[in-house]
Amino acid sequence: MTTNILIAGVGGQGLVLATRIVGGVAFRAGLQVKTCDVIGLAQRGGMVWGSVRFGHAVHSPLIPEGQGDFLLAMEELEGLRWVSLLKAGAVVVLSRETILPNRALLEKDDYPKDVPAQLATHGLKTVCVEANSIARQLGNKRLANTVLLGALSNYLPFAPDTWLEVLRESVPSATIELNEAAFGLGRTPSL
Amino acid sequence: MSNIALLTGNQAIARGFFEAGGVVAASYPGSPTVEIMESLKEYKDMHAHWAMNEKVALEIAIGGSFAGARSLASMKHVGVNIAADPFMTFTQIRTHGGFVLVVGDDPGLSSSQNEQDSRFFAKFAHCALLEPSTPQEAKDYVGLGLSISEEYGMPVIIRLTSTLCHSRGAVLLGERTPPSIAGFTPDQARYCMLPPHANAQQHFMQERIAKLALATDSLALNTYEDTDRRDVLLVTSGLPYQFLAELDLGYSVFKLGLCYPLPIAKLKEIAAEYARVIVIEELMPFIEEQLRAAGIDASGKQFFPFTGALTTDGIRVGLVRAGILQQGTTGAGTPPPAIPRTPMLCSGCPHRPVFHILQKAKALVIGDIGCYSLGILEPFEVLKTNLSMGASLGIMQGMAMAHRTADKARAFVAVIGDGTFFHSGLSGFANITESKENITIIVLDNRTTAMTGGQPTPTTGDLGQATHAISITEVLKSFGIQDISVADQFDYSNTKNVIMGAMKRDGLSVVVVTRPCALNFDVREPHFYVDRDICISCRACIGVNCPPISMKVYEGQNKKNSYIDPNMCVGCSVCSQVCPVKAIKRSTAPEEARP
Ligand code: SF4
Ligand code: SF4
């Protein structure tokens, strides 16, 4: 069985690093892993996505239609965009972040309303995460992705220590402690 | 586990070159292959060089090979067009040090201006073409390619696609073979490509390809997965092989790692056992046509698209069309399409005021290649052509000539960045110096190759670690161009006056705008905010089209006013300069107090 994780966001949100970390954790756990990210024009504020697939025999780095088990959405509109790639009943870890796309800035399109409810109508299980406000409380908005990874980690079969190990190797050394804290707050929300 | 790493296709190519004792590598940044050179730069004991353009990069690698060192040039597909001149002659020469050209194709055009299928260059140049399907193969094929290059005396092309470049997989790491460099031995018959030497090489090129085609069995590049079923043989290569494997269909598969030359005799023999032969390949029918030319009754492109990236789903659809598969099932369903999110210039991007000025001036602007190609998109829509690196200058010159002949002379404007200026703008400039047409060229000198991740250009200078910088104004002066002005885009009204003034003057005028890239040099000043008691909702600031600026209904209000997201604004001040009532002000609050 292959587990398929899609990561979606907006160019500039640090998606490539997130893909690398999730892939790195599965790899560290001894599984076969393939990942992919879009890089290029879209990085300038366009839509970006990454995929991580792991299991015992993984061939394609891309997730076939209707096969996604998890979606990590760094932004609400991007959470909606990829629904057709997901299985019925897939888990969406949704950051409560909205970044208006160009046509919404220009008042030519309306930004979608109540994204969690829309995801629910497709039979998806949505976990909303206030990743940005948690990151800002920690004093660095770039920690938002680590908070999201913490939330995602609850659903994946890897030990927190493996996550923290890979995290420490992947982030700037000056921010290791903050990233550990962000991961912890994402994994166990203090209600 | 420690000698296995999760690498991207690009990183694996770099690793392969390192392990194979590679010495000279050169490239020009272009998606999807940028990361090859960036990874090569992390290895010691080799030369990994960003060149001014792909032709220079290729020539540097050729020089390394002539001197007996294993050499590599990497570039995106359209870069090969630039490098094709030296490549097509270099290929005639019996290779000395192993030489690989790594090309990144971009099926689906995710970050390119065309979708050309570079595999045809191999046939055109009578050289071998390797197509890996995983990062592990990408690494292995570099070493194999260098060996083939040395043994058969030809350059070898390794063709990647954007998905493979950016996808990670497990790669077994090995030690570096110490390089051996024989040095250059003068031999005019070998290295001076003129008649009669070049005539003799036409025969040599034919012979080496024929020889390699016969030796493919021993190279372990192609694999035949014989499942005993004899109804269909699937022939494929590269990532499509992995997409196909995902479907787990149980048909026999012939996987090509060497796509040129093909092992035609062997394929004929195998194909004869099957009722049908179907080729699964991205873009053009490169393999299919070779099989058909050899008399094998193969099909493929009638079922699979000739454009776009092939995926597992695309292969399934094609096989359904071919009558081999039944329609599959889907998952969570197809929701109404989400609203698009197109790329935008970054907050504080210095190109923004230039496009805003040109849009208001209703200028006819000829575009070029870089981040500033985004000036094509709404709301600016100011660039009217977009073709290839440095093309703006010649295009504008020809257009102006035609317009004058038709008595339709008018002002023309071109925009070109500093990276493109040195890549292939210099010759266009030299050509245009004496023009009498009303031509204005705006050089957007943001001091970096921004679109591909901020590689240095000759103007980067002290903003990077360079010791000296070339001044574009000085270069142009040395061309004899008189009418050169310099402007700082963040002084909006001055920049506007300079550009409008230049557009009014006949003959060639050049405006060099000098603000550095906001993203690459991490420009960040205190943010701006909208004083909504002053804002008259005119939306002039919306027209500046910066990511933080939108119209919103503030609490307790019933109409929309402009709003600047303080977390996204980097404080360039441009929006405040276009607001007619001075409603946009710089925050004096310290960074932490941002809402
Ligand atoms: S000052 Fe205005 S134009 Fe400049 S970054 Fe901020 S919002 Fe954008
Ligand atoms: S330009 Fe000034 S007045 Fe007009 S909408 Fe923007 S802030 Fe308001």
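Quick caveat: nothing in here was measured; it's all calculated off a predicted structure. Here, residues in each chain are numbered from 1, in the same order as that chain's written sequence. Lettering for chains starts from A, numbering for ligands starts from 1, and both go in the order in which the items are written. Under the rules for a predicted model, residues below a pLDDT of 70 receive no local features and side-chain atom pairs below 80 are neither given nor counted, while totals for whole chains, interfaces and linings still include all residues. Computation of side-chain values covers all heavy atoms of the structure but excludes hydrogens and water.

A look at the overall build of chain B
- Think of it this way: any DSSP run of H or I at least four residues long counts as a helix, any run of E at least two long counts as a strand, and we number them from the N terminus. Looking only at helices and strands, chain B has 19 helices and 24 strands in total.
- The C-alpha radius of gyration of chain B comes to 27 Å, within 12% of the 25 Å expected for a compact globule of 595 residues.
- Across its three principal directions, the C-alpha atoms of chain B cover 80 × 65 × 60 Å.
- A total of 595 residues make up chain B; the buried ones form 59% of that total.
- To be clear on the numbers: accessible area is Shrake-Rupley with a 1.4 Å probe, and residue cover counts the displayed protein chains and nothing else. Carbon and sulfur atoms make up 54% of the accessible area of chain B, which totals about 23900 Å².
- Separation of charge centres in chain B, based on 51 positive and 57 negative side chains, amounts to 7 Å. With the radius of gyration taken over C-alpha atoms, the globule rule is written as 2.2 Å times the number of residues to the power 0.38. Relative accessibility under 20% of the residue-type maximum defines a buried residue, over 50% an exposed one, and the middle range a partly exposed one, all with a 1.4 Å probe and only protein chains included. Charge convention: Lys and Arg are scored as positive, Asp and Glu as negative, and His as well as the terminal groups of each chain are ignored. For charged residues, the charge sits on one atom: NZ in Lys, CZ in Arg, CG in Asp, CD in Glu.

Topic: the packing of helix α15 (residues 391-405) of chain B against helix α16 (residues 418-432) of chain B
Residues and elements named next belong to chain B.
- Where α15 meets α16, the axes come as close as 7 Å, and the angle between the chain directions of the two elements is 25 degrees. As summarised for this structure, α15 and α16 are arranged roughly parallel, according to the angle between their axes. For the pair α15 and α16, the contacting residues are L393, M396 and Q397 in the first and G425, G428, F429, N431 and I432 in the second.
- Three residue categories are used. Nonpolar comprises Ala, Val, Leu, Ile, Met, Phe, Trp, Tyr, Cys and Pro, charged comprises Asp, Glu, Lys and Arg, and polar comprises the others, including Gly. Classifying every residue of the contact of α15 with α16 gives four nonpolar, four polar and no charged. Helix axes use the C-alpha atoms of the stretch in contact, all axes being lines fitted to C-alpha atoms, and the angles between their N-to-C directions lie in the range 0 to 180 degrees. Roughly parallel refers to an angle under 35 degrees, roughly antiparallel to one over 145, roughly perpendicular to one between 65 and 115, and oblique to any angle outside these ranges. Throughout, a residue-residue contact means that at least one pair of heavy atoms, one from each residue, lies within 4.5 Å.

Focus: the layout of surface pockets
All names here are of chain B.
- Whether a set of points on the 1 Å grid over the protein atoms alone is a cavity depends on a 1.4 Å probe fitting there but being unable to get out, while an open set qualifies as a pocket with protein on both sides within 12 Å along at least five of seven lines; lining residues are those with an atom within 4 Å of a point. Grid points are joined across faces, edges and corners, and a volume is the space filled by probe spheres set on the points. The calculated volume of the second largest pocket comes to roughly 780 Å³.
- When residues of the lining of the second largest pocket are traced back to their parent elements, those giving at least two are α4 (77-90) and α16.
- Each residue belonging to the lining of the second largest pocket can be placed in one class, and the counts come to 18 nonpolar, 23 polar and three charged.
- Two domains each donate at least three residues to the lining of the second largest pocket, and these are domain 1 (4-218) and domain 3 (351-513). For every domain, the bounds stem from an assignment made automatically or drawn from a database.

Description of the pairing of strand β22 (residues 549-553) of chain B
Residues and elements named next belong to chain B.
- The pairing criterion is simple: DSSP has to find at least two bridges between the two strands. As judged from the five bridges shared by β22 and strand β23 (residues 560-564), these two strands associate in the antiparallel manner. Within the sheet, the bridge partner assigned to M551 lies in β23 and is S562.
- Hairpin connection, β22 to β23: the antiparallel pair is bridged by six residues, and G556 has positive phi, about 80 degrees.

Side note on the interface of chain A and chain B
- Opposite the 56 residues of chain A that make contact, chain B presents 55 residues.
- In this description, buried area is defined as the sum, over both parts, of the accessible area (probe of 1.4 Å) that is lost when the two are combined. Carbon and sulfur atoms make up 57% of the surface buried where chain A meets chain B, a total of about 4700 Å² over both sides.
- Among the residues chain A hides against chain B, the three largest losses belong to F27, R44 and L105 of chain A. Together they make up 18% of the total.
- The working definition used for a salt bridge is a side-chain nitrogen of Lys or Arg within 4 Å of a carboxyl oxygen of Asp or Glu. Applying the counting rule to chain A against chain B returns eight salt bridges.
- Note that E107 of chain A is salt-bridged to K560 of chain B, the shortest N-O span being 3.1 Å.
- We define a polar contact as two N or O atoms separated by no more than 3.5 Å, with the added condition that, inside protein, one atom must be a possible hydrogen donor and the other a possible acceptor, whereas residues neighbouring each other in sequence contribute only through side-chain atom pairs. Counting every contact that joins chain A to chain B gives 20 residue pairs in polar contact (both at pLDDT 80 or more).
- For the side of chain A that touches chain B, the elements supplying multiple residues, two or more each, are α1 (15-28), β2 (32-37), β3 (47-55), α2 (76-81), β5 (86-95) and α3 (102-105) of chain A.
- Top element by residues in the side of chain A that touches chain B is α1 of chain A. It accounts for six residues.
- Among the residues forming the side of chain A that touches chain B, the class breakdown is 26 nonpolar, 13 polar and 17 charged.

Comments concerning the site of ligand 1
- In these notes, residues near a molecule or strand are those with any non-hydrogen atom within 4 Å of it. What surrounds ligand 1 is the set G348, F528, C546, P548, I549, I564, C569, V570, G571, C572, S573 and C575 of chain B.
- A per-class count over the shell around ligand 1 returns nine nonpolar, three polar and no charged.

Points about the sheet that holds strand β1 (residues 3-10) of chain A
- Reading across the sheet, the eight strands line up as β6(A)-β5(A)-β4(A)-β1(A)-β3(A)-β2(A)-β8(B)-β1(B) and stay open at both edges, with mixed pairing between neighbours. If you trace the sheet from one side to the other, it starts and ends with β6 (125-129) of chain A together with β1 (4-8) of chain B, each paired once. Between one strand axis and the next, the sheet turns by 20 degrees as a mean value, whatever way the strands run.
- Bridge count for β5 of chain A against β6 of chain A is five bridges, and the pairing is parallel. Bridge pairing links S95 of chain A to V129 of chain A in β6 of chain A.
- Strands in contact with helix α1 (residues 9-19) of chain B are β1 and β8 (167-172) of chain B; relative to β1 of chain B, the strand with the most contacts, it is inclined by about 120 degrees.

Some words on α1 of chain B
All names here are of chain B.
- Within α1, 10 of the 11 residues are buried, which leaves the element mostly enclosed by the surrounding structure.
- Listing the buried residues of α1 in full gives G9, N10, A12, I13, A14, R15, G16, F17, F18 and E19.
- G21 sits one or two residues past α1 and shows a positive phi near 75 degrees.

Side note on the domain arrangement of chain B
Residue and element names in this part refer to chain B.
- Each assigned domain of chain B is listed with its residue range as follows: domain 1 (4-218), domain 2 (223-321), domain 3 (351-513) and domain 4 (528-593).
- One C-alpha centre belongs to domain 1, the other to domain 2, and the line joining them spans 25 Å.
- Every contact between the two is made by 28 residues of domain 1 and, on the other side, 26 residues of domain 2.
- Buried area between domain 1 and domain 2, both sides added, is near 2200 Å², and the carbon and sulfur share of it is 62%.
- When the buried surface of domain 1 facing domain 2 is broken down by residue, R119, E131 and S133 rank first, second and third, together holding 24% of it.
- Where domain 1 packs against domain 2, one counts three salt bridges.
- With a closest N to O distance of 3.0 Å, D217 and K266 form a salt bridge.
- For the interface between domain 1 and domain 2, the tally reads 13 residue pairs in polar contact (both at pLDDT 80 or more).
- When contributions to the side of domain 1 that touches domain 2 are tallied by element, the ones reaching two or more residues are α5 (119-124), β6 (128-130), α6 (135-152), β7 (156-161), α7 (162-165) and α9 (197-215).

What to know about the environment of P305 of chain B
Residues and elements named next belong to chain B.
- With respect to the helices and strands, P305 occurs in the loop between β14 (298-299) and α13 (312-321).
- For the pair P305 and E281, spaced 24 residues apart in sequence, the C-alpha separation works out to 9.0 Å.
- Apart from residues no more than four positions distant in its own chain, P305 is found in contact with L283 and L310.

Thoughts on the pairing of strand β4 (residues 68-73) of chain A
Residue and element names in this part refer to chain A.
- The element β4 is extensively covered by neighbouring structure, given that six of its six residues are classed as buried.
- Of the strand pairs in this sheet, β1 and β4 are connected by four bridges, and their pairing is parallel. When the bridges of β4 are listed, I7 appears paired with L72.
- Crossovers are described as right-handed under a simple rule: with the strands pointing away from the observer, the path leading from the first strand over the helix to the second runs clockwise. For the crossover that starts at β4, traverses α2 and ends in the parallel β5, the hand is right-handed.

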